[in-house]
Amino acid sequence: MSRYTTKAKELSNEIKPLVEANPLLSNVKIAQLMVLNGNTSGAQYLRHIVGAWKAMQGLSDQALPQAKAIPPDTIGKVASPTAPKKGIEIRGDHIVVNWDTQTIITTLGDWGTYVSSFDRHSLIQRKYVYSHGNETAAIVAMEFDFPHTKAVYVYARLHGFSKASPGQTDLEFELGKSVEDAVEENIQTIKRRVYKGTKKAEWKQTQEAATKWWNLENTLLESIEVLAAELKAEKPKQLQFIIPETDYQFAAFVGITDVHYLKMCYDHAGGITYNREIAKTRLEDHVVKLAAEASRYGRPEKFFVTLGNDNIHVDGIHQSTTRLTSQHEASDGIWRLELKNYIRIQIDLINYYKQIAPVTVIPVKGNHDYETSIAIQAFIDLYYENDDQVDVITCHDARAYVQYHQVCLITTHGDELKSINNLESQIHKLIMGEAKNQGIDVMEVEYYIIFHGHEHVGSTRDLNGRVQRIGLSSLSDIDDFWHKANGYVGRQQESQIIIIDPKRGRKAIMYA
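Here the residue numbering is sequential within each chain, running from 1 through the sequence in written order. Only residues with pLDDT of at least 70 get local features here, since the model is predicted, and only at 80 or more are side-chain atom pairs given and counted; chain-wide, interface and lining totals rely on the full set of residues. Note that water and hydrogens are dropped before the side-chain values are worked out from all heavy atoms of the structure.

Trainee: How would you explain the overall build of the protein chain if you had to name every residue and give the values?
Mentor: If you tally the helices and strands in the protein chain, you get 15 helices and 17 strands. Within the protein chain, the fraction of its 512 residues that count as buried is 44%. When checking whether two residues touch, look at their non-hydrogen atoms; a contact exists if any pair is within 4.5 Å. Sequence-distant contacts, at least 24 apart, represent 68% of the contacts inside the protein chain between residues at least 6 apart. Where accessible areas are quoted, they stem from the Shrake-Rupley method and a 1.4 Å probe; at the residue level, only the protein chains shown are allowed to cover. Of the roughly 27200 Å² of accessible surface on the protein chain, a fraction of 53% belongs to carbon and sulfur atoms. The numbering of helices and of strands both runs from the N terminus, where a helix is a DSSP run of H or I of at least 4 residues and a strand a run of E of at least 2. The buried label applies to any residue whose accessible area, calculated with a 1.4 Å probe on protein chains only, is under 20% of its type's maximum; exposed applies above 50%, and partly exposed to all values in between.

Set out below in structure tokens:
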């Protein structure tokens, strides 16, 4: 404990009778009375408090500020808030205000003494608080020459402001600033921040839109007519099996998802186990096998095929996922060069099933191909707009709902709610809030089936309430570095086709 702190306690005992006699007497007036009465202890203590005062005024070590006499009839009375103040005012143990020079001296303990003008003090508070500058203590310390970041915290505490305080200082109100003026200033500050933030956001959106349009124009749009003409000139592969004629009415949901075309995988010795050619061959093989499995029940009334659903591994020219997780080390091919081939694969799949029965295409946006799926959905929709055998569902929500007689099929990728457990716990609420809005006749539907990918593992679960969840498998290998490092090993690469009974929902799940 410093000798000045001890002296402060001694002074408390000396001034106690004054306070008891005059309960409204302020500390400032007590200090002034002590100087007038020639109290040596009070003078020494006062000299410590105004240690930097002589540096401002050029006085000798023995010089002390001369407080003016206080008329007895004014002791304990509150002065008018707009009345001009003069001389030296001591505020507590750490702050001295010189009203004549409009200077504040603050003792910061271990960080020494900090001298600032009234204007500088106002700027410090405005720079620091949320409602104005919202700068860190480190920035404030650097701009206003504080000896350390911690000194700013001490300064703010001593002067009674925090990050949540208004921008105006107590001194400003004492000098006559009205509440109305302060409110108007704060409103103008908020308006400026909103304007700057709006302009910044508008510019960012403009840049992003320009970039996306440039990417689209230089990849998809420049060759859309040529590509459409080429694809329409090609004939689909011929069926390699005979479909028996039966009276059973059903639909088939094609469970091909998470193919991750353009993904590259390798074994422990560095040998390639999965690339775009393997992906293409494997997908074409499973398209045929799933159609053959469905034919066990006869000719379906229609096929349901998903579009997107992470069937391509990267989303755009950055060779990354939609959220810009780099896939450079796990990619086989360049997105802008392979996009045409990927579209061709999607159309070949649709055209193959179209030979058997009408096809309903349902877009599903994955975490690896969100934006690519949107672009390809638009292309496929235009490509088949005059084809009575193909119906492309337009849906920009996280989940798409399609009705098949008394059954509602729901498709989603599976990452939207962070986990499948969350999807299971919220699906009944989601159905109540979304199905009717997407045209589902909820009075007719008896069963709901939600299909998802993302996990790369086939699974099924009855969620009660006549709701079933079916997780779809993946044709992709899992031996890329990330999956190996995180323990995703040993999974079987497969696809499913789900037989949908128009009155009972899920009839069977068959694998290829």
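Trainee: With reference to specific residues and values, describe the pattern of salt bridges.
Mentor: The term salt bridge refers to a side-chain nitrogen of Lys or Arg lying within 4 Å of a carboxyl oxygen of Asp or Glu. For the structure on display, the rule yields 18 salt bridges. Between Glu424 and Arg469 there is a salt bridge, and its shortest N-O distance comes to 2.7 Å. Residue Glu424 is found in helix H14 (residues 420-434), and its partner Arg469 is found in strand E15 (residues 467-471); the two are separated by 45 residues along the sequence. On the basis of relative accessible area, Glu424 is assigned to the buried category, the value being 12%.

Trainee: Give me the lowdown on the side chain of Asn351, citing residues and values where you can.
Mentor: Structurally, the position occupied by Asn351 is in helix H12 (residues 335-354). At 2.7 Å, the side chain of Asn351 forms a polar contact with the side chain of Tyr384. Whenever two N or O atoms come within 3.5 Å, that pair is a polar contact, provided that in protein one can donate a hydrogen and the other can accept it, and provided that, for residues adjacent in sequence, both atoms are side-chain atoms.

Trainee: Break down the sheet that holds strand E16 (residues 496-501) for me, citing the residues and quoting the values.
Mentor: Two strands are said to pair when DSSP picks up at least two bridges between them. Pairing is mixed across the open sheet formed by six strands, whose spatial order is E10-E9-E8-E5-E16-E17. Taken across any chain shown, the strands that pair with only one partner, and hence form the sheet edges, are strand E10 (390-392) and strand E17 (505-511). Strand-to-strand twist across the sheet, computed as the mean angle between neighbouring axes with direction ignored, equals 25°. Pairing of strand E8 (residues 302-308) with strand E9 (residues 359-364) involves six bridges; the strand directions are parallel. For Val305, the partnering residue across the bridge sits in E9 and is Val361. Its contacts with the sheet place helix H11 (residues 276-294) against strand E5 (251-255), E8, E16 and E17, and it is angled at close to 30° to E16. Every axis corresponds to a line fitted to the C-alpha atoms, with the helix fit spanning only the stretch in contact, and the corresponding angles, defined between N-to-C directions, vary from 0 to 180 degrees. Across the sheet, helix H13 (residues 370-383) is in contact with E8, E9 and E10; its angle to E8 comes to roughly 140°.

Trainee: Give me the packing of helix H5 (residues 118-128) against helix H7 (residues 149-158): which residues, what numbers.
Mentor: Where H5 meets H7, the closest approach of the two axes is 12 Å, and the angle between their N-to-C directions is 105°. It follows from the interaxial angle that H5 and H7 lie roughly perpendicular. The segment H5 lies against H7, with His121, Ile124 and Tyr128 engaging Val152, Tyr153, Tyr155 and Ala156. Side-chain classes are defined by residue name, with Ala, Val, Leu, Ile, Met, Phe, Trp, Tyr, Cys and Pro counting as nonpolar, Asp, Glu, Lys and Arg as charged, and the others, Gly among them, as polar. When grouped by side-chain class, the residues that make up the contact of H5 with H7 number six nonpolar, one polar and no charged. Roughly parallel here means an angle under 35 degrees, roughly antiparallel means over 145, roughly perpendicular means 65 to 115, and every remaining angle is called oblique.

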